[in-house]
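Examination of the molecular architecture
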Amino acid sequence: MSESKKLFLLDAYALIYRAYFAFIKNPRINTKGINTSAIFGFANTLIELIKKENPSHLAVIFDTKEPTKRHIAYPEYKANREAMPEDLQQSLPYIDKFLEALNISKLFKAGYEADDIIGTIAKKAEKEGFQVYMMTSDKDFAQLVSDNIFMYRPASKWKPQEVWGCTEVLDKFKIQNVNQVIDFLGMMGDSVDNIPGIPGIGEKTAQKLLSEYNSMEELFKNTHKLKGSLKEKVENGKDLGVLCKELVTIITNVPISVRLDEFLVKGENMEKVKNLFNELEFKRLLTRFPILDRHEINKSKISNISNGKQMNLFSSAEDMLTDESREEVSMNLNKKYKFLESQDNIRKFANSLLTKQKLAMQLIYSNGDNFFETKIIGIAFSINKNKSTYINLNSSSGLKLLMLFKPVFAREDLILVGYDIKLQIKILKNHDVEIKSTLFDIRIAYHLLNPEFSNTIDSMVQNILKITPFNIEGIQGFGRTKIKLEELDIEILKNLFSQQVDHTFQLYYILNSQLEKTEIKKLFYEIEMPLMHVLASMETEGIQLDNNMLEEYKNDLEKSTIKTTRHIFSLAKQEFNLDSPKQLGETLFDSMKLSKNAKKTKSGQYSTSEETLLKLKGTSPIIDYILDYREIKKLLSTYVKTLPNLSYKNRIHTTFNQSVVATGRLSSINPNLQNIPIRSARGKKIRESFIPKNEEYLLLSADYSQIELRIMAALSEDKVMIKAFNNNEDIHAATASKVYKVPISSVNSEMRGKAKAVNFGIIYGISAFGLSQNIGVSRTEAKKIIDEYFLEFPQIKKFIEKSIAQARIKEYVTTIFGRKRFLRDINSRNAVSRGVAERNAINTPIQGSAADIIKKAMINIQKEIESQKLKSKMLIQVHDELVFDMYKSEEALLKRIIKEKMENVVKFKAPLLVDLGVGDSWLEAH
């Protein structure tokens, strides 16, 4: 076979659905409200395929809506399939446009499935000397595999891409020849396609029968050799078995007229690609295309700008400008953008700002590793639409010039508009310039109005102002070839940031108007904007890290890894790669035979997930050692070895994000403090490395006690739960007492644990199946527990039903402070999409209200700390907990302030309660 004749046939809907559901919990929504998950995932997969595999020929094959011979022969065929999600339906025209832009053939034929067209073309291509790769994860395609036809199973976040030839198929199905795949699938059936198979015949039995009789037909001829119930099952299932084999057989003679040279990979139409990606806001994805060396492009851009050829800067593919938008950019450059250089002119301009009521500002700074080492390059201001002023600070007199604006930023009566202002607050403060103005961050305003949408400044400008802005990332590049901002020509910086600050000010008026029309205005001005000052202070302060403790802990964990590995190898009676799921699975299930019905992944290898291993606890001591090994490895890689590298002068300065999580919760990065483990002793010890700044301080932890349950009790007005909280009862024990109908004194730890799982599970819309998995009981018992729960807490059930019903009408839900979360799929015909939206309808009013409450508490506490000029500092927030550096002599006062401010944010019938703890480490304080 010729390597130059390499044909890839893609099962379109298999890849499209796979991409869509990969983002189901966190869909990609652009600023136009389009769910781009499926388009993005499909495009990314196809780009990766072309770059990695370099196919000579390629085609994408689709199903049609028309019934096939399978539907006619068996009306129940695929009858269990959910309706296509509406968002996915809306994605299909864009996928068509993408294929057209890449000049890739799209095939379909009424009355036939994509499988049949792929099978027909694959066999035809094989005869014409091609190597054929069928890209799909559908196991039915295994029947087509031959010496020159392969299954190409796409990669996922759990496993790499796989190629199945004859050897792999025989190994996965445990059969003797590829022809037996059809018989195997016919006997087993396929729940996905609603094919029943022969009742009572499982995987092992099917493999055994095929090893003895080779095919289903031979089996039916020899049923007299079978015995007992097996004989009865096979004989009774004969007609159904024959039908199922017919249903799973892929047709290889579809009457479709194609020439294989039509599938030749011709290369993309870059103009169509960039127009489409511009519309979809796929900026980064465009850089995946095989274009000129990026560093060379960047250098040419700089050269062109420096020579005054500005339009050449925006003519390359990655900037995604249409002819119309190029004209718009050209117009932008002719606006009244001023570039001040003399100190006198800059001083006059700074003084003029002292009388302005509103001002947009954008700081231009170097791309340092942290804000302490960041160098300020310039600053841009806008006070009117289409006008801006740029001041170059990248000189020896830069800091002196910056000080001219210090009185401007000190004005409390000024509304200061910007994008990502918090970082600019920190950078300026590090240069002795403090911002005291009222803030208006356009990113957070847009996030509150459209929490599911992209909130980059470029996407906002494109969506709201209908302008294609200059693209800084396209100019700088990415990765190792990225050009530092301070190395760009001054003309580029002037044009880029003069325009950006102008756009920022224009966006302010539009977003402020939208806030005025909604109930979100109060949330924005009274919580999110004041909180930005608080978070900036916390991030600047940071928290002390005990590097010596982490080094000692690293040594201890590495010794434990060696010891644990020895135990595992001893119990397994062999050595293998512990980090290989495949080798681990073979050891546990082939060698040690810990389970007769071991679960397998879609790739055919044994599952060794944590869930699988937990179910095997008690079968062998090796399971506990493997779980220990995995925990140790994760702690080492994620925290113990990483935290010191993220510290600056032995302090951790995390970054809190206000515009990421749709419920309103803060997230944090570098490091992510929300994920510091607390469930195991080993994980908790990580908190021991977070310590007070010196011997004059202790750490204080303030943690809301079961705040989400208290909010649920308050919102549902459930009298039973409210009474339990007011009586200071153990809520989980009280719940167990009600559910199991025993006195609270008779509740044991197991009953309490199950009740706790229900209490918190209800908040997240848990199902009987989900609860059964969480607490290790049957689905029947889990359903019974949930039913009893709702009998005892009837108002909670009514609250859940009401929340979902109202969400179906409004298509959004709100928190007690007015934060909105839009639920696009709450009325979807697709059960999976609808189910996710329904769970969010229950969870968001509770979790989002908890998030708003602690934010309000943080603002009030910080205000009191500053007004009383305390030495104690608020350092970090993790979910419902705040951590402080507490000056020892201020302990009584600080505790009183924290308790009062946290517990009195809102008044509930189930009152808020805060637990306080003090210690020499975060672990000890918590």
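Because the structure is a prediction, the values reported are computed rather than measured.

The rules behind the values
Residues numbered from 1 in each chain as written. Predicted model: local features only at pLDDT ≥ 70, side-chain atom pairs only at ≥ 80, totals over all residues. Heavy atoms only, no water. Helix = DSSP H or I, 4+ residues; strand = E, 2+ residues; numbered from the N terminus. Rg over C-alpha atoms; globule rule 2.2 N^0.38 Å. Buried < 20%, exposed > 50% of the residue type's maximum accessible area, 1.4 Å probe, protein only. Contact = heavy atoms within 4.5 Å. Areas by Shrake-Rupley, 256 points an atom, 1.4 Å probe, with all protein chains shown as cover. Lys, Arg positive; Asp, Glu negative; His and termini not counted. Charge placed at Lys NZ, Arg CZ, Asp CG, Glu CD. 1 Å grid on protein atoms, 1.4 Å probe; cavity = no way out; pocket = protein on both sides within 12 Å on 5 of 7 lines; lining within 4 Å. Points joined across faces, edges and corners; volume = space filled by probe spheres on them. Pairing = 2+ DSSP bridges. Axes fitted to C-alpha atoms, helices over the stretch in contact; angles between N-to-C directions. Phe/Tyr/Trp six-rings, centres within 6.5 Å; stacked < 30°, edge-to-face > 60°. Lys NZ or Arg CZ within 6 Å of the ring centre and 35° of its normal. Salt bridge = Lys/Arg side-chain N within 4 Å of Asp/Glu carboxyl O. Core = buried A, V, L, I, M, F, W, Y, C linked by side-chain atoms within 4.5 Å. Polar contact = N/O pair within 3.5 Å; in protein donor to acceptor, adjacent residues only side chain to side chain.

Bringing the overall build of the protein chain into the picture now. Along its length, the protein chain carries 40 helices and 24 strands. Taken against the 2.2 N^0.38 rule, which gives 29 Å for 926 residues, the C-alpha radius of gyration of the protein chain at 32 Å falls within 12% of a compact globule. With the principal axes as the frame, the protein chain shows a C-alpha extent of 100 × 80 × 55 Å. Relative to its full complement of 926 residues, the protein chain shows a buried share of 54%. Sequence-distant contacts, at least 24 apart, represent 70% of the contacts inside the protein chain between residues at least 6 apart. Roughly 41400 Å² of accessible area belongs to the protein chain as shown, and the carbon and sulfur atoms make up 49% of that amount. Seen as two clouds, the 134 positive and the 117 negative side-chain charges of the protein chain have centres 2 Å apart.

Another point: the side chain of Ser 803. Among the secondary structure elements, Ser 803 is positioned in helix α37 (residues 794-810). When residues no more than four places from it in sequence are discounted, the contact partners of Ser 803 are Val 813 and Ala 841.

The omega torsion of the bond from Asn 670 to Pro 671 falls at 0 degrees, within 30 degrees of zero and hence cis. Along the chain, Pro 671 falls in the loop between β17 (667-669) and α30 (681-684). With phi around 55 degrees, Lys 593 is a residue other than glycine that occupies positive phi space. Here Lys 593 shows up in the loop between α27 (581-591) and α28 (610-615). Classification of Lys 593 as exposed rests on a relative accessible area of 62%.

Within this structure, the stated rule accounts for five cavities of 30 Å³ or more. Space inside the largest cavity adds up to approximately 230 Å³. Lining the largest cavity are 19 residues, and of these Ile 24, Pro 27, Asp 825, Val 836 and Asn 840 lie nearest its centre. Listed by contribution, the elements that provide at least two residues to the lining of the largest cavity are β21 (820-822) and α38 (831-867).

This brings us to the pairing of strand β8 (residues 358-365). Of all eight residues in β8, seven are buried, a share of seventy percent or more. Of the pairings in the sheet, the one linking β8 to strand β11 (residues 415-418) comprises three bridges and is parallel in character. Looking at β11, one finds that Leu 359 is bridged to Leu 416. Taken together, the six bridges between β8 and strand β9 (residues 376-384) define a ladder with antiparallel strand orientation. From the neighbouring strand, Met 361 faces β9, where its bridge partner is Phe 381.

Let us now look at the sheet that holds strand β10 (residues 387-392). The sheet built from six strands is open, its strands ordered β7-β10-β9-β8-β11-β12 with mixed pairing. Looking along the sheet, the strands with just one partner apiece sit at the ends: β7 (336-340) and β12 (438-441). Within the sheet, the average angular offset between the axes of one strand and its neighbour, ignoring direction, is 25 degrees. Looking at chain direction, β11 and β12 are connected through four bridges and run parallel. From the neighbouring strand, Ile 415 faces β12, where its bridge partner is Thr 438.

Residues Ala 768, Gly 770, Leu 771, Ser 772 and Ile 775 constitute the buried set of helix α35 (residues 768-775). The elements touched by buried residues of α35 are α34 (749-763) and α36 (779-792). Of the residues trailing α35, Gly 776 is marked for its positive phi of about 70 degrees.

Two aromatic rings, taken as a pair, are described by how far apart their centres are and by the angle between their planes. For the structure on display, the rule yields 33 aromatic pairs. Between Phe 505 and Tyr 508, the ring centres sit 6.1 Å apart and the planes meet at 10 degrees, which makes this aromatic pair stacked. Taken together, the residues Phe 505 and Tyr 508, both in helix α24 (residues 490-517) and three residues apart, mark about one turn of the helix. Take Phe 505: its relative accessible area is 2%, and that puts it in the buried class. An aromatic cluster of at least three residues, connected via ring pairs, comprises Phe 440, Phe 505, Tyr 508, Tyr 509, Phe 524 and Tyr 525. One Lys or Arg, Arg 28, reaches over the ring of Phe 40 and ends 3.7 Å from the middle of that ring. Over the aromatic face of Tyr 553 sits the side chain of Lys 685, whose NZ or CZ is 5.6 Å from the ring centroid.

Time to look at the pattern of salt bridges. When the charged atoms of two side chains with opposite charge come close together, those side chains can pair. Counting across every chain of the model gives 50 salt bridges. In this structure, Arg 651 engages Glu 541 in a salt bridge whose closest nitrogen and oxygen atoms are separated by 3.9 Å. Residue Arg 651 is located in strand β15 (residues 651-652), and its partner Glu 541 is located in helix α25 (residues 521-541); the two are separated by 110 residues in the primary sequence. Since its relative accessible area comes to 12%, Arg 651 is described here as buried. Glu 631 is the salt-bridge partner of Arg 682, the closest N and O atoms lying 3.0 Å from each other. One end of the pair, Arg 682, is in helix α30; the other, Glu 631, is in helix α29 (residues 621-640), and 51 residues separate them in sequence. Residue classification places Glu 631 among the partly exposed positions, given a relative accessible area of 22%. Connected via shared salt-bridge partners are Glu 528, Arg 819, Asp 852 and Lys 855.

In this structure, Phe 381, Phe 409, Phe 690, Tyr 704, Tyr 789 and Phe 884 are the most contacted members of the largest nonpolar core, which totals 167 residues. Broken down by element, the residue count for this core peaks at twelve residues, all from α38. Ranked by size, the runner-up nonpolar core spans 51 residues in total, among them Val 132, Phe 173, Ile 250 and Leu 260.

In this structure, the second largest pocket occupies an estimated 900 Å³ of space. Along its surface, the second largest pocket is lined by 32 residues, and Pro 530, His 533, Val 534, Gln 862 and Glu 866 are the ones closest to its centre. Mapped onto the lining of the second largest pocket, the elements with two or more residues apiece are α20 (421-430), β12, α25, α38 and β22 (873-878). Counting residues per element, the lining of the second largest pocket draws most heavily on α25, at eleven residues.

Further remarks concern the side chain of Ser 668. Mapped onto the elements, Ser 668 comes out in strand β17. Here Asn 672 takes part through its side chain, which lies 3.5 Å from a polar atom of the side chain of Ser 668. A distance of 2.8 Å separates the side chain of Ser 668 from the backbone nitrogen of Leu 673, its partner in a polar contact. Among all residues touching Ser 668, those that are not within four sequence positions of it are Thr 654, Thr 655, Phe 656, Leu 673 and Gln 674.

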